[in-house]
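Next come the chains, spelled out residue by residue.
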Amino acid sequence: MSKQGSYWRRTLEQRISRRRALQAAALGAAGLTGAAVIGCGGGEEEAVTEATATSLPGEELRPTPGGIYVGTMADLYNMDPHKPIAFLTHVFASWIYSRLMRYASAYGELPEERWFEPVPELAQKVETPDELTYIFTLNPEAKWHNVDPTFGRQVTAEDVVFSYNRYQELSPQAPNMAMVDSVTAGPDDLTVTFKLKHPFALFLRRIASSQDLWILPPELIEADGDAEKRAVGSGPFLFGHYNRSVDFEFLKNPDYFEHDQFGNRYPYIDVLRLIVIPDPNAVVSQFIAKNIYGIACQPKLVPEVVSAVPDVRVNRQVRDLTSFIYFQDSSYVNDEGPFNDERVRRAVSMGIDRDGLLALVRAPTDNEGGEWCNIVPAGLGREWWLDPKSPEMGDAGKWYQYDVAEAKKLMDAAGYGDGFDIRLHYSSTVYTNIIPYYPVVAEALPGLLREIGINVTLVPEDYIGQYIPETYTKGNFDGMAWGLLSVFTDALAYLSNSFLPFGEGGGRNMSKVRDEQLIADLEAATREPDAEELRKKLFDIQRYISDMMYYVPGINPLEYALSHPFGSPTMNAAGPSGTYGLGTETSMEGWLNPEHQNP
Amino acid sequence: MASVDQADIAEYLALRPARKPWVRLLRTLWWFTRRKPLGALGGFFVLVVLLVAVSAQWIAPYWYDDQTWDEALQGPSATHLFGTDDLGRDMLSRVMYGARVSVVIGFSAVAISAVVATFIGVISGYYGGRFDTLFQRLVDIWMSFPPLVLLIVVVSTFSRGGDFWDRVMAIIIVMGVIMAAGSSRVIRGAAISIKNNQYVEAARCIGASDARILAQHVLPNVFAVIIILATVQLGAAILAESSISFLGWGVPPPFPSWGQMLSYKGILFMRAHPWIALWPGLAIALAVYGFNMLGDALRDVLDPRLRGGR
Amino acid sequence: MSRYILRRLILVVPTMIGVTILVFLLIRLMPGDLVQQISGENAILTEEERQEVREELGLDKPIYQQYFIWMSEILRGDLGNSLQTKVAVGAELKNRLPVTLELGILAIILSLCVSLPIGVLAAIRQDTILDYVARSGAIAFLSIPSFWMGTLVVVLPSKWWGWAPPLYYKDLWVDPVDNLYMLIIPAAILGMLLSGTVMRMTRAQMLEVLRQDYVRTAWSKGLRERTVVTRHAIKNAFIPVVTIVGLQIPILVGGTVILESIFGVPGVGRYLLFSIGSLDYPVVQAIVLIVAGAVVLTNLAVDLTYAYLDPRIRYA
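Since we're looking at a predicted model, the values are computed, not measured.

1. Here we look at the overall build of chain A
- Counting its regular elements, chain A contains 19 helices and 19 strands.
- When burial is assessed residue by residue, chain A has 60% of its 599 residues classed as buried.
- Counting only contacts in chain A whose residues sit at least 6 apart along the sequence, the fraction spanning at least 24 positions is 74%.

Spelled out as structure tokens, the structure:
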């Protein structure tokens, strides 16, 4: 194993260090993990190299327009991005529709401090005369798709107002824009003014979020009633077709308003064909056979694929997906044991061998598995994510350390020296295919917790039937639950949703934690106008919640995207891991080499 | 073109002097093996499965949830004859414990099926008339549904609670009831033909009550049918349970069931670590094979009138 | 005879009604909060909003009323709308049913091609090596889990030769070669499942027939084996066999459900699984109803054919 192991490790390191980075399995990722996975290696131990700008040694970037890109995608539940039932709708939306702003992307590598940096999309310019006012000036070249019912007319401020109102009315994500007081168009067609109720430091980041304010044409809604039957937007691709369970096809929008530095219009690719392949083995087989160009790959299968496809590009990234344990709500609502006592909660956290779990789920050829998240995941970057292993976490960091003896002492001190029996709920469907480490950790937890005296019975639940409607959304369960937190694009959203009162902004506070001081701190943070101050406040909050362990965070493993070297060195290497804006943040800037343009 | 029937057996048994019962049993077995080697082979597989199921906790080298993460995903080796899974658990032990799950669920389901089917089939066949029409309509309706779909829908309903026993009971009852439909038809057929038998007519003439006739004539003869059906259905039950577990609604982890071991994880690792899927799959195949072969042979031996394949 | 046919036809009605009731109840049993499901996993609804959605779905009416509403829609041909896509279920099924049908028919054809000749041979050469091999082979086919087989077929050729099955489905009329290429493998696996039963049935029927007096007469007339078999025995043996195949349809459906997912075939089976998973109960309802209905009708056809061919049955 040693010789073999080191060969693979060298190869992988070579790839990353030579900055042959990383082809987006954006499109494959879209299908299976719903995340853009591109960009920095993420691991600080990995062989890091000089940050290259946009070229590879000895190669030049020469975009060659044209071609058909073949990737994978999963079946959608619905197409209307203002009414999403699942995150995949947002991925779909990112090819067709635009936002006012989007997140930064680049070839080569995007430095961590630029992750989730809002950059212009529909809005060319933003002015902020005061803390409460944001004036967006739309790009005059932005046009709707040249099809019925919009016929290529210009995108106006009225369209933005219309979309905002519809979003507020229909979208379950609307609380993310709760700080907006009003949206008005004028004085001309290209100016939109957002007035806020209070200062909000991360407002532009929220505007750029790929889960929220998609801009839709009013004609479409008037004609069809919703955006379910047709998809007409202002994005880089036109909607070709969607044959359920068969494939998607997107066509290049010839009038798209963004250009590259050579003056070529984006996107380069003529046709984007995404095939629906439900079986993960089939996906790998198709990839190896070069029928699809990029995939998200389960870590355990990576060595197989790497050996079958020697020139494959491998990208690994931690995502902004928090995995965590949550407790029955009677702990906080009725002050019922055993989890009302923070010593027990801390014991649970100390009983989890996070590094061991990361080693268990990682790709066999890797020597690191990922990061430890707190409620804020590592995928947001160190600017906003407080690494539990870092000295900045302070004393609270010790609750993350794996220490069975300490944990038992805590259990003893809390009066549970004899341990107790408890049930652990988790979802046994849906997640199993797309988040491979989720069920593995679920099955590993009983063994770990047994060591500190907690006797766990696993309770698998059907995702749609039980887990989502009851356990996750309402906190309607007994004992503990192992889950994945909804994805947001900024740390404040994670924390607000988890700790504000349930039903009053705490959409993900299913355990109904109610800590008045914490709530006050969060509200102060929400109103903080200065980004740097906000950062400090959020770090304070992360320290506090780590100390209290209201929710016990799990792990943030690396996720892999593999692709064939058929074109641009990076099908856009956006930094941020979890944005669903693959369409505009990734595939828009990718191209295929001439010899690979026809499948 | 010789086939075996009861006359042969009676003759054979009559020719040998009566010995101690266990010797007779052995001789019958030997004779059976010689006459129906395939059936005997099947019987052997069945025996192995049953033995493993019963004695799993004594003969399995590891506990089924013995996780040693360092040894995860290793191929067959001296310490782990069948390799390990992704949590470092010994595959051989898990397959052995899995036999227990398959056997318990299979036998229970078949038992329920036998009881229900006998009840419906005998009453339907013996009494005929309106009972018959009503029951047969119900059975018709019941048999129109694709069994797997029924299983999924009903089991996913009942396993909402997620308790181990809730789920297991749900699977057993649902499978039992579903299988009972088809069996009841066969038993009904047998009951009808027995009803028209001369013995039964004679008994009725001398005034024997229905209950007596049922107990003395119908049930014993139907018994052979039940046994044959049972062996075949055991195979089907094991297969059905593995399908349900494969889809995620079966026995909850960490208890190993063959289907569950084969499900997303086994299939997922099929490329890189094929043994995870290989052993449970083989176990299922061999067990089902064994039961079917045995059932086939028993059918030939016990009642040649019954066609194969039903 | 015609009385029998008439009686048999009339019996279909209560059977179908029973089927619809059972389907209806079964679907209502399905777990999960439909209201939550419709609104999306991220939505937190107030009680009034829930009530609104419930009224929209018609869930607030008493159950027998819901049943009658549903029945009247069915009889008008309206199978309802998918809860997820809002598209009419009927339209969606129109695209998918032919695919599954084609898969099923291919499976049956393949299975018959293999199991009929082997069954006959096994019967003629009873108790020889050929017989043993054929019988154990048949049972082996029955015993191998189809999803295991399916995955092996997807994984192993890829591992050994880098081969992958066709990427996506093309209609038979558009591209017959690609279409067949894609369907042939799952059809073969399904056929394998069926052929176990069919082969044994064939063998048993042949044995039965070969014991008959008229066959014995044929032998005693000195006819060659081949003539006896083909001219006299096969015809009579095959009839029940072919009808047995018809009765395998529920099993066929079960097999397609999993295989379609593995091989990416856009048929009814996969749609059913997806809909069960997403609690899209109008779809599940419609599909189960159609399948069950098809089985009832097939049974009817089988019974009538039997009655036509075998006078003894009519008076049973």
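2. Structural notes on the overall build of chain B
- Scanning chain B from terminus to terminus reveals eleven helices and zero strands.
- Put simply, chain B runs from its N terminus to its C terminus through helices and strands in the order α-α-α-α-α-α-α-α-α-α-α.
- Each of the 310 residues in chain B was classed as buried or not, and the buried ones make up 54%.
- Relative to all contacts within chain B whose residues are 6 or more apart in sequence, the contacts with residues 24 or more apart total 70%.

3. Here we look at the sheet that holds strand E13 (residues 323-327) of chain A
All names here are of chain A.
- Spatial strand order, E16-E15-E17-E13-E18: five strands in an open sheet with mixed pairing. With one partner strand each, in any of the chains shown, strand E16 (454-461) and strand E18 (552-553) form the two edges of the open sheet.
- Relative to E16, strand E15 (residues 420-427) runs parallel, the two sharing eight bridges. Bridging from a neighbouring strand, Phe420 pairs with Ile454 of E16.
- Packed on one face of the sheet, helix H14 (residues 437-451) meets E13, E15, E16 and strand E17 (480-484) and runs near 160° to E16.

4. Some points on the interface of chain B and chain C
- Facing 38 residues of chain B, the contacting portion of chain C comprises 43 residues.
- Of all the secondary-structure elements, those providing two or more residues to the side of chain B that touches chain C are helix H5 (129-143), helix H6 (147-158), helix H9 (210-247), helix H10 (258-268) and helix H11 (275-302) of chain B.
- Per-element tally for the side of chain B that touches chain C: the top contributor is H11 of chain B, with nine residues.
- Here the residues of the side of chain B that touches chain C are counted per class, giving 22 nonpolar, ten polar and six charged.

5. Some remarks on the pairing of strand E12 (residues 313-318) of chain A
Residues and elements named next belong to chain A.
- Counting buried residues in E12 gives six out of six residues, a clear majority hidden from the surface.
- Side chains Arg313, Asn315 and Gln317 project from E12 onto one buried face, and the interleaved Val314, Arg316 and Val318 project onto a second face that is buried too.
- Both E12 and strand E19 (residues 555-563) contribute to a ladder of six bridges, which runs antiparallel. Bridge pairing in E19 links Gln317 to Glu559.

6. Quick word on helix H7 (residues 164-195) of chain B
- For H7 of chain B, spanning 32 residues, the distance from its first C-alpha to its last is 44 Å, which sits close to the expected 46 Å at 1.5 Å a residue.
- Along H7 of chain B, the largest kink reaches about 35° and is centred on Ala181 of chain B.

7. Structural notes on the sheet that holds strand E4 (residues 123-130) of chain A
All names here are of chain A.
- With respect to topology, four strands assemble into an open sheet ordered E4-E5-E7-E6, the strand pairing being antiparallel. Of all the strands in the sheet, the pair left with one neighbour each is E4 and strand E6 (180-185). Averaged over all pairs of adjacent strands, the angle between strand axes in this sheet comes to 20°, irrespective of strand direction.
- For E4 and strand E5 (residues 133-138), the ladder comprises five bridges, and the chain directions are antiparallel. Bridge pairing in E5 links Val126 to Phe136.
- Lying over the sheet, helix H4 (residues 157-170) contacts E5, E6 and strand E7 (191-196), oriented at roughly 150° with respect to E6.

8. Section: the environment of Glu121 of chain A
Residues and elements named next belong to chain A.
- Within the secondary structure, Glu121 is located in the loop between strand E3 (118-120) and E4.
- C-alpha separation for the pair Glu121 and Arg102, spaced 19 residues apart in sequence, amounts to 5.9 Å.
- Once you skip the residues sitting within four places of it in the chain, Glu121 turns out to touch Ser98, Arg99, Leu100, Met101, Arg102 and Thr584.

9. Overview of the domain arrangement of chain A
Residue and element names in this part refer to chain A.
- Domains assigned within chain A are domain 1 (63-278 + 564-596) and domain 2 (323-557).
- Taking the mean C-alpha position of each, domain 1 and domain 2 sit 32 Å from one another.
- Considered class by class, the residues forming the side of domain 1 that touches domain 2 number nine nonpolar, six polar and five charged.

10. Here's the deal with the pairing of E6 of chain A
Residues and elements named next belong to chain A.
- Direction of pairing for E6 relative to E7: antiparallel, over a ladder of five bridges. Looking at the pairing, Thr184 lines up with Thr193 of E7.
- Between E6 and E7, which pair antiparallel and follow one another directly, the connecting turn spans five residues, one of which, Gly186, has a positive phi of 125°.

11. Focus: the packing of helix H7 (residues 146-161) of chain C against helix H11 (residues 249-263) of chain C
Residues and elements named next belong to chain C.
- Running from N to C, H7 and H11 point in directions that differ by 20°, and their axes come no closer than 9 Å. Between H7 and H11, the interaxial angle falls into the category roughly parallel. The handedness of the crossing between H7 and H11 is right-handed. Facing H7, whose interface residues are Ser146, Phe147, Gly150, Thr151 and Val154, H11 presents Gly255, Ile258, Leu259, Ile262 and Phe263.
- For the contact of H7 with H11, the class distribution of residues is six nonpolar, four polar and no charged.

12. A closer look at helix H12 (residues 268-277) of chain C
Residue and element names in this part refer to chain C.
- Buried residues dominate H12, accounting for eight of its ten residues.
- Buried within H12 we find Val268, Gly269, Arg270, Tyr271, Leu272, Leu273, Ser275 and Ile276.
- Phi turns positive one or two residues past the end of H12, at Leu279, with a value near 55°.

13. Looking at unusual backbone geometry
Residue and element names in this part refer to chain A.
- Of note, the amide linkage connecting Asp148 to Pro149 takes the cis form, showing an omega dihedral of 0°.
- Its place among the elements puts Pro149 in the loop between E5 and H4.
- In this structure, the amide linkage connecting Tyr266 to the following residue, Pro267, adopts the cis form with an omega of -15°.
- One can find Pro267 in the loop between strand E9 (247-252) and strand E10 (271-276).
- Even without glycine at this site, Phe151 takes up a positive phi of about 50°.

14. Structural notes on the packing of helix H4 (residues 91-127) of chain B against H9 of chain B
Residue and element names in this part refer to chain B.
- Closest axis-to-axis distance for the H4/H9 pair is 8 Å, and the angle between their directions is 140°. What the angle tells us is that H4 and H9 run oblique. Here H4 runs over H9; the crossing is right-handed. For the pair formed by H4 and H9, the contact residues are Ser102, Ile105, Gly106, Phe107, Ala109, Val110, Ser113, Ala114, Thr118, Val122 and Tyr126 on the first element and Leu214, Val218, Val222, Ile226, Ala230, Gln233, Leu234, Ala237, Ile238 and Glu241 on the second.
- Split into classes, the residues belonging to the contact of H4 with H9 amount to 15 nonpolar, five polar and one charged.

15. Remarks on the nonpolar core
- Of all hydrophobic cores here, the largest spans 357 residues; its most connected members are Val305, Val376 and Leu495 of chain A together with Leu151, Met175 and Ala237 of chain B.
- The element that contributes the greatest number of residues to this core is H9 of chain B, accounting for 18 residues.
- In contact with Met175 of chain B, not counting residues within four places along its chain, are Ala109, Leu151, Ala237 and Ala240 of chain B.

16. A short note on the confidence of the model for chain B
All names here are of chain B.
- Here chain B averages 80 in pLDDT, and 90% of its residues register 70 or above.
- No element of chain B has a lower mean pLDDT than helix H1 (residues 6-15), at 68, and none a higher one than H4, at 89.
- The low-confidence segment residues 306-310, where pLDDT is below 50, has 16 contacts with residues more than four positions distant or belonging to other chains.

17. Regarding the confidence of the model for chain A
- This prediction gives chain A a mean pLDDT of 81; 86% of its residues lie at or above 70.
- For residues 571-577 of chain A, every residue scores under 50 in pLDDT, and the model assigns this stretch 54 contacts once sequence neighbours within four places are set aside.

18. Overview of the environment of Glu461 of chain A
Residues and elements named next belong to chain A.
- Relative to the elements of secondary structure, Glu461 occurs in strand E16.
- Overall, the presence of 26 C-beta atoms within 10 Å leaves Glu461 in the buried class.
- Each C-alpha atom, one on Glu461 and one on Gly337, is 24 Å from the other, the two residues being 124 residues apart in sequence.

19. Focus on the environment of Ser102 of chain B
Residues and elements named next belong to chain B.
- Mapping Ser102 onto the fold places it in helix H4.
- It is 41 Å that separates the C-alpha atoms of Ser102 and Ser209, two residues lying 107 residues apart in sequence.
- What Ser102 contacts, discounting residues up to four positions off in sequence, is Ile238, Glu241, Ser257, Trp258 and Ala287.

Reading the values: rules and limits
- Residue positions within a chain follow its written sequence, with the count starting from 1.
- Here every chain gets a letter starting at A, and every ligand a number starting at 1, in the order they are written.
- Whole-chain, interface and lining totals are the exception, using all residues; otherwise, since this is a predicted model, local features are given only for residues with pLDDT of at least 70 and side-chain atom pairs are given and counted only at 80 or more.
- Helix and strand assignments come from DSSP, with helices taken as H or I runs of at least 4 residues and strands as E runs of at least 2, each series counted from the N terminus.
- Partly exposed residues are those whose C-beta has more than 12 but fewer than 20 other C-beta atoms within 10 Å; with 20 or more the residue is buried, with 12 or fewer it is exposed, and the C-beta atoms are placed from the backbone.
- Residue pairs qualify as contacts under a 7 Å threshold applied to their C-beta atoms, which are placed from the backbone.
- Strands were regarded as paired on the criterion that DSSP finds at least two bridges between them.
- Each axis is a line fitted through C-alpha atoms, and for a helix only the stretch in contact is used; angles between axes span 0 to 180 degrees, taken between their N-to-C directions.
- In this classification, the charged set is Asp, Glu, Lys and Arg, the nonpolar set is Ala, Val, Leu, Ile, Met, Phe, Trp, Tyr, Cys and Pro, and all remaining amino acids, among them Gly, are polar.
- Take the number of residues in a helix, subtract one, and multiply by 1.5 Å to get its expected span.
- Fitting axes to the seven residues that end at a residue and to the seven that start at it, the angle between those axes gives the bend at that residue.
- By convention here, the domain bounds are inherited from an automatic or database domain assignment.
- Relative orientations are named as follows: roughly parallel for angles under 35 degrees, roughly antiparallel for angles over 145 degrees, roughly perpendicular for angles from 65 to 115 degrees, and oblique for any other angle.
- By convention, the crossing between two helices is left-handed when the near helix turns anticlockwise from the far helix through less than a right angle, and right-handed when the turn is clockwise.
- Connectivity within a nonpolar core runs through C-beta atoms within 7 Å, and the core itself is a set of buried Ala, Val, Leu, Ile, Met, Phe, Trp, Tyr and Cys residues.
- As a per-residue quantity, pLDDT reports the predictor's confidence and falls between 0 and 100.

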